[in-house]
Amino acid sequence: MLFTLRVCAFLLVAAPIARPQSQAPVAAPEQAASAPWKESRGPHALAHFDEEWRDEARERDVPVRIWHPKEGGALPVVIFSHGLGGARENYAHLGQHWSSHGYVVVHVQHLGSDDAVWRDSKRPMESMQRAASDLDNLLNRPRDVSFALDELARRTQLEDWPLRGRLDLARVGVAGHSFGAYTALCAAGRDLVVPLTREKFEVRDPRLKCAIAMSPQGNARERSNGTWERFATPVLHMTGTRDESPIRGDSTPAERRIPFDTITRAEQYLLILEGAQHHAFGDSPAGLRGARNPAHDPLIFSSSTAFLDAYLRSDAKALAWLRDGGFAARLGQLGTFETKSPAAAAPGEAGAAK
């Protein structure tokens, strides 16, 4: 089943019921204003392994790559969703950075919208556009996230599993880029509303405590069609002033802030990197112009790690660094950073810093 949904594609090579908002940690009164927060690789030695998981209920394979610290237990978990045309091997720089600071990062590969869509295709762009509008892909992606959580809970009990007994599945977040940002936000509470029929699909997983959405999609009709009305999960949104879709070309940087502006029931953060294009958060793309700006990477690493520390580790200093100007001071002229509390319901009420 196909329908048009403005999902921004990114080619990579190598809520059924309302729920209470997540409890944010209490901010610490003291913080170093512009000191960096975990911009560099952390103290943990890393390892990774690949597995091929099978969801029998959906008759669907779910390949994963898992980055993890070699030692330590009670580790919080981040599920990562790749962009359209990507794979579990992509975004390793993010998985490695977060894992070096004590997180287990599960990179899920979404069959039907992965690199198999464009490989050996005579019309790769058209193939990816079709994949981005396929309802099965739109529903299977967030369901892959929920299945991954189920499978982690099962495997952590197995005697011979590499991470047996080392996961804290009460502290789980989700992150993703582009189509993966859509995936992360759906899993965290975004409702999928079919434009023509207004049929609503709810794929929220209440086990997710926070979300990171890199290059999220937005559409003006989502301000009033119920897409975000029950969303109640803290989110760090990331985009750039030149963040346009490299595949369809129909998403503007201004539209990528619509989720931030529209969500009213949980803490929201918005990072806009000056000059950053769509691939600023991912691997170097093939066939697309440009490359990641090395000045942006430390900002992405630090803001995302502080966000995870705040909402998965209840780190009051990390929360204060985000909320009270520490990150904005570090950001300087490289971008803007806005924060919004549940009380600041209107877009114009968000606090901005540059």
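Rules used throughout
- Residues numbered from 1 in each chain as written.
- Predicted model: local features only at pLDDT ≥ 70, side-chain atom pairs only at ≥ 80, totals over all residues.
- Heavy atoms only, no water.
- Helix = DSSP H or I, 4+ residues; strand = E, 2+ residues; numbered from the N terminus.
- Buried < 20%, exposed > 50% of the residue type's maximum accessible area, 1.4 Å probe, protein only.
- Areas by Shrake-Rupley, 256 points an atom, 1.4 Å probe, with all protein chains shown as cover.
- Pairing = 2+ DSSP bridges.
- Core = buried A, V, L, I, M, F, W, Y, C linked by side-chain atoms within 4.5 Å.
- Contact = heavy atoms within 4.5 Å.
- Salt bridge = Lys/Arg side-chain N within 4 Å of Asp/Glu carboxyl O.
- pLDDT = per-residue confidence, 0-100.
- Axes fitted to C-alpha atoms, helices over the stretch in contact; angles between N-to-C directions.
- Parallel < 35°, antiparallel > 145°, perpendicular 65-115°, else oblique.
- Left-handed = near helix turned anticlockwise from the far one by under 90°.
- Nonpolar A, V, L, I, M, F, W, Y, C, P; charged D, E, K, R; others polar.
- Phe/Tyr/Trp six-rings, centres within 6.5 Å; stacked < 30°, edge-to-face > 60°.
- Lys NZ or Arg CZ within 6 Å of the ring centre and 35° of its normal.

**Q** I'm lost on the overall build of the protein in this one. Help?
**A** Tallying secondary structure elements over the protein gives 8 helices and 12 strands in all. Residues counted as buried form 60% of the 354 residues belonging to the protein. For the protein, the computed accessible surface area is about 13,500 Å², with 50% contributed by carbon and sulfur atoms.

**Q** What is the right way to read the pairing of strand 2 (residues 60–69) from this model?
**A** Side-chain positions along a regular strand alternate between the two faces of the sheet. With 9 of its 10 residues buried, strand 2 lies for the most part within the structure. Pairing of strand 1 (residues 46–55) with strand 2 involves 10 bridges; the strand directions are antiparallel. In the strand pairing of strand 2, Phe-49 is matched with Ile-66.

**Q** I'm lost on the nonpolar core in this one. Help?
**A** Judged by nonpolar contacts, the single largest core of 39 residues is most densely connected at Trp-98 and Ile-212. Going through the elements one at a time, strand 3 (75–81), helix 1 (92–100), strand 8 (208–214), strand 9 (235–242), strand 10 (268–277), helix 6 (297–312), helix 7 (316–323) and helix 8 (326–331) are the ones with two or more residues in this core. Ranked by residue count, the leading element in this core is helix 6, at 9 residues. Ignoring sequence-local partners within four residues, the contact set of Trp-98 consists of Val-78, Phe-80, Tyr-103, Val-105, Ala-175, Ile-212, Met-214, Ser-304, Thr-305 and Leu-308.

**Q** Quick question: what am I supposed to make of the pattern of salt bridges here?
**A** If the charged atoms of two oppositely charged side chains come close together, the side chains can form a pair. Throughout the structure, instances matching the rule amount to 28 salt bridges. The salt bridge involving Asp-309 is made with Lys-38; its shortest N-O contact spans 2.7 Å. One end of the pair, Asp-309, is in helix 6; the other, Lys-38, is in the segment before strand 1, with 271 residues separating them in the sequence. A relative accessible area of 0% places Asp-309 in the buried class. Of the charged contacts, one joins Arg-54 and Asp-61 as a salt bridge, the two residues approaching to 3.1 Å between their closest N and O atoms. Look at Arg-54 and you get partly exposed, because its relative accessible area is 36%. Each of Asp-191, Lys-200, Glu-202, Glu-229 and Arg-230 takes part in one network of salt bridges that share partners.

**Q** Where do I start with the side chain of Asp-243 in this structure?
**A** On the secondary structure map, Asp-243 appears in the loop between strand 9 and helix 5 (258–262). If near-sequence neighbours (up to four positions away) are discounted, Asp-243 is found in contact with Ser-215, Ser-251, Thr-252, Pro-253, Arg-256, Ala-276, Gln-277, His-278 and Phe-281.

**Q** Help me out: how do you make sense of the confidence of the model for the protein in this one?
**A** Atom-level detail of predicted coordinates should not be read off regions where pLDDT is low. Here the protein shows a mean pLDDT of 85. Residues at 70 or above account for 82%. Low pLDDT (under 50) marks residues 1–32, which in the prediction has 136 contacts with non-local residues, meaning those over four places away or in another chain. Throughout residues 285–289 the model reports pLDDT below 50, and contacts reaching past four residues in sequence, or to other chains, amount to 11 contacts.

**Q** Before we go on, may I ask you to explain the packing of helix 1 against helix 6 in this structure?
**A** Two quantities define a packed helix pair, namely the angle between the axes and the distance from one axis to the other. Their axes nearest at 11 Å, the elements helix 1 and helix 6 cross at an angle of 50°. It follows from the interaxial angle that helix 1 and helix 6 lie oblique. In this structure, helix 1 crosses over helix 6, and the sense of that crossing is right-handed. The residues of helix 6 that touch helix 1, namely those facing His-93, Leu-94, His-97 and Trp-98, are Ile-300, Phe-301, Ser-304, Thr-305 and Leu-308. Considered class by class, the residues forming the contact of helix 1 with helix 6 number 5 nonpolar, 4 polar and no charged.

**Q** Hey, could you run me through the packing of aromatic side chains in this one?
**A** Pairs of aromatic rings are described using the distance from one ring centre to the other and the angle between the two planes. A full pass over the atoms with the stated rule returns 13 aromatic pairs. An angle of 50° between the planes, with centres 6.3 Å apart, marks the rings of Phe-80 and Trp-98 as tilted. Placement of Phe-80 in strand 3 and of Trp-98 in helix 1 is noted, with a sequence separation of 18 residues between them. Phe-80 sits in the buried class, given a relative accessible area of 1%. A centroid spacing of 6.2 Å and a plane angle of 65° characterise the contact between Tyr-269 and Tyr-311, whose relative ring orientation is edge-to-face. In this pair, Tyr-269 is assigned in strand 10 and Tyr-311 in helix 6, connecting sequence segments 42 residues apart. The two residues Tyr-269 and Tyr-311 agree in class, both being buried. Taken together, the ring pairs in this structure connect Trp-37, Tyr-269, Phe-307, Tyr-311, Trp-321, Phe-327 and Phe-337 into an aromatic cluster. Above the ring of Tyr-103, the side-chain terminus of Arg-313 is found at 4.2 Å from the ring centroid. Its end group placed over the ring of Phe-260, Lys-340 keeps NZ or CZ at 5.1 Å from the ring centre.

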